[in-house]
Amino acid sequence: MSSRERIEQHFFNSAQLKLSAMKTLAPYIERAGHHLLESLRHRHKVLSCGNGGSAADAQHFSSELVNRFERERPGLPAIALTTDSSALTSIANDYHYDNVFARQIEALGNAGDILLAISTSGHSTNVICGIKAAHDCEMTVIALTGGDGGKIAPLLTERDVEIRVPAHNTARIQEVHLLVIHCLCDLLDHGLYPEKNP
Ligand SMILES: O=C(CO)[C@@H](O)[C@H](O)[C@H](O)[C@H](O)COP(=O)(O)O
Ligand SMILES: [Zn+2]
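Given the structure is predicted, the values throughout are model-derived calculations rather than measurements. (Residues numbered from 1 in each chain as written. Chains lettered and ligands numbered in written order. Predicted model: local features only at pLDDT ≥ 70, side-chain atom pairs only at ≥ 80, totals over all residues.)

### Structural notes on the UniProt feature "binding site: substrate" (unreviewed entry) in the protein
- Taken from the UniProt record, the annotation "binding site: substrate" (unreviewed entry) applies to N51, G52, G53, E64, N93, D94, S119, T120, S121, S124 and Q174. Taking the farthest pair of C-alpha atoms as the criterion, the annotated set spanning 124 residues is dispersed, since that pair is 32.1 Å apart.
- Relative to the elements of secondary structure, D94 occurs in helix 3 (residues 85–94).
- Judged by local crowding, D94 falls into the exposed class, with 9 C-beta atoms found within 10 Å.
- Relative to the helices and strands, S121 resides in the loop between strand 3 (114–118) and helix 5 (125–136).
- Given 19 C-beta atoms within a 10 Å radius, S121 is considered partly exposed.
- Apart from residues lying up to four places away in sequence, S121 is in contact with G146, G147 and G150. (UniProt positions renumbered as here; feature names shortened; annotations may be inferred. Helix = DSSP H or I, 4+ residues; strand = E, 2+ residues; numbered from the N terminus. Buried ≥ 20, exposed ≤ 12 C-beta atoms within 10 Å, placed from the backbone. Contact = placed C-beta atoms within 7 Å.)

### Re the site of ligand 1
- Around ligand 1, the surrounding shell holds 13 residues, and the nearest of these are G52, G53, S119, T120 and S121.
- Elements represented by at least two residues in the shell around ligand 1 include exactly helix 2 (53–66) and helix 6 (170–192).
- Considering every element that reaches the shell around ligand 1, the biggest residue donor is helix 6, with three residues.
- Looking at the shell around ligand 1 residue by residue, the classes come out as two nonpolar, eleven polar and no charged. (Near = placed C-beta within 6 Å. Nonpolar A, V, L, I, M, F, W, Y, C, P; charged D, E, K, R; others polar.)

### Describing the nonpolar core
- Among the nonpolar cores identified, the biggest contains 50 residues, and L115, L116 and A117 are the most heavily contacted of them.
- For this core, the element with the highest residue contribution is helix 6, accounting for seven residues.
- Among residues more than four places away in sequence, those in contact with L115 are L47, I105, G130, I131, A134, M139 and V141. (Core = buried A, V, L, I, M, F, W, Y, C linked by C-beta atoms within 7 Å.)

### Describing the packing of helix 1 (residues 3–41) against helix 6
- Contact pair helix 1 / helix 6: the axes reach a minimum separation of 8 Å and the direction vectors enclose 40°. Our classification of the angle between helix 1 and helix 6 gives oblique. Every pair of crossing elements has a handedness; the one defined by helix 1 and helix 6 is right-handed. Each of N13, S14, L17, K18, A21, L25, I29, A32, G33, L36, L37 and L40 in helix 1 lies in contact with helix 6, whose residues at this interface are R172, E175, V176, L179, V180, C183, L184, L187, L188, G191 and L192.
- For the contact of helix 1 with helix 6, the residue count by class is 16 nonpolar, four polar and three charged. (Axes fitted to C-alpha atoms, helices over the stretch in contact; angles between N-to-C directions. Parallel < 35°, antiparallel > 145°, perpendicular 65-115°, else oblique. Left-handed = near helix turned anticlockwise from the far one by under 90°.)

### Some words on helix 5
- For helix 5, built from twelve residues, the straight-helix expectation of 16 Å at 1.5 Å per residue is met to within 8% by its first-to-last C-alpha distance of 17 Å.
- Restricting attention to buried positions, one finds in helix 5 the residues N126, V127, I128, C129, G130, I131, A133 and A134.
- On its buried face, helix 5 is in contact with strand 1 (46–49), helix 4 (100–108), strand 3 and strand 4 (140–146).
- Once helix 5 finishes, E138 follows within two positions and takes phi at roughly 60°, a positive value. (Expected span 1.5 Å × (residues − 1).)

Have a look at this one:
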């Protein structure tokens, strides 16, 4: 396959997955949006975590809450647990890399807060430990996963929401995760500030 064909194949596969997953994922995204609205309306906050590309997604989401997405509105309380290098390195150094998110959740999480946990495989142990810590703090978990949901899927409770992208390629799953994140930001903009600009 030529480079041009490879590029076009990536575009085609990405677009095709987004369209084929739309109807399956929409109800789960809607439910996750309700949880976020409910939590933020009660002055709770959103913590987010993930590794690699999913760490970038966690930060992307929190920056769109703290700063803005598309509407002029007040900043919303969100913290990506992937950004404090002092906390991350000391937790990994003194305890274990598995604890880097859980420890921060123990320190920062309160009942009613939300954890956005992102893992394309559902197998990242630090994300799994983070979900357990969030449950211990009586937080609700919104999990962005892929494949068969990995070890994360069976951990989730009835109150949690799993948005599982029906694909097995990490990059393709990440591309849909970003679309889901933008849908959630849009639901927050419109749900919290419906009277502002259209
Ligand atoms: O961005 C990519 C691949 O597209 C990688 O950095 C990827 O995020 C990393 O390998 C992660 O460690 C994968 O973790 P997970 O999605 O399975 O939880
Ligand atoms: Zn990537």
